[in-house]
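Chains, contacts and geometry: an overview
Spelled out from the first residue to the last, the chains are:
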Amino acid sequence: MWKRKGRKGRRAARPVPMELCDLCARVFPEDDAVRGYVPDSSAAHATQPCFDGLRLITACCDDHFDVIKDGYAHRPFVEEELWAAKLTRALTTGTPALSMDQLGCRTGLQDPQIRAAIAWHNERMREQQRTDP
Ligand SMILES: [Zn+2]
């Protein structure tokens, strides 16, 4: 008599890790991804400061990678913006850093850089308020 096998007998299909294209938002298998870093002063890496100022691009094909890369090539690299990104990371993760010394230790920035970053950030906030209705 034929006996039906239970679920244990079947091999479950292993899920394929998927990626999302940064340009067209197409979902595709991770192994097909085209990846690379581009300079971007707004990018502070969540855990590895040596990647600060670099943005990881993920694309579905070489053409889409190049389109994104060309976009970043025309974006100005502003040191104050990168310092502000490092400050934001320091102020929004881990134990709160309250003093300039603590901020300096957490970001690797000197006092003048921290002040320049705060001034840059505040100026962007004022610009935003002027353009918002
Ligand atoms: Zn794409």
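Bear in mind that the values here come from a model prediction, so they are computed numbers and not experimental data.

How each quantity is defined
- Residues numbered from 1 in each chain as written.
- Predicted model: local features only at pLDDT ≥ 70, side-chain atom pairs only at ≥ 80, totals over all residues.
- Heavy atoms only, no water.
- Donors = N, O, S within 2.8 Å, 3.2 Å for Na, K, Ca; no water.
- Tetrahedral: all angles 85-135°; square planar, octahedral: opposite > 155°, others 65-115°.
- Buried < 20%, exposed > 50% of the residue type's maximum accessible area, 1.4 Å probe, protein only.
- pLDDT = per-residue confidence, 0-100.
- Helix = DSSP H or I, 4+ residues; strand = E, 2+ residues; numbered from the N terminus.
- Polar contact = N/O pair within 3.5 Å; in protein donor to acceptor, adjacent residues only side chain to side chain.
- Contact = heavy atoms within 4.5 Å.

Taken together, Cys21 (SG), Cys24 (SG), Cys60 (SG) and His64 (ND1) make up the full set of protein donors to the zinc ion, lying 2.0 to 2.3 Å away. Its four donor atoms give the zinc ion angles of 99 to 119° at the centre, a pattern that matches the tetrahedral case. According to the relative accessible area criterion, cysteine 60 is buried, its value standing at 11%.

The next thing to look at is the confidence of the model for the protein. Per-residue pLDDT for the protein averages 90, and the proportion of residues at 70 or more is 89%. Within the protein, helix 3 (residues 100-107) has the poorest average pLDDT of any element, 91, and strand 4 (residues 54-59) the best, 97.

Take the side chain of glutamate 81 next. Summarising the element assignment, glutamate 81 is placed in helix 2 (residues 79-92). The exposure class assigned to glutamate 81 is buried, which follows from its relative accessible area of 11%. Of the polar contacts made by the side chain of glutamate 81, one reaches the side chain of arginine 75; its length is 2.9 Å. Ignoring any residue separated from it by four or fewer positions in sequence, one finds glutamate 81 in contact with Ser41, Ser42, Arg75 and Trp120.

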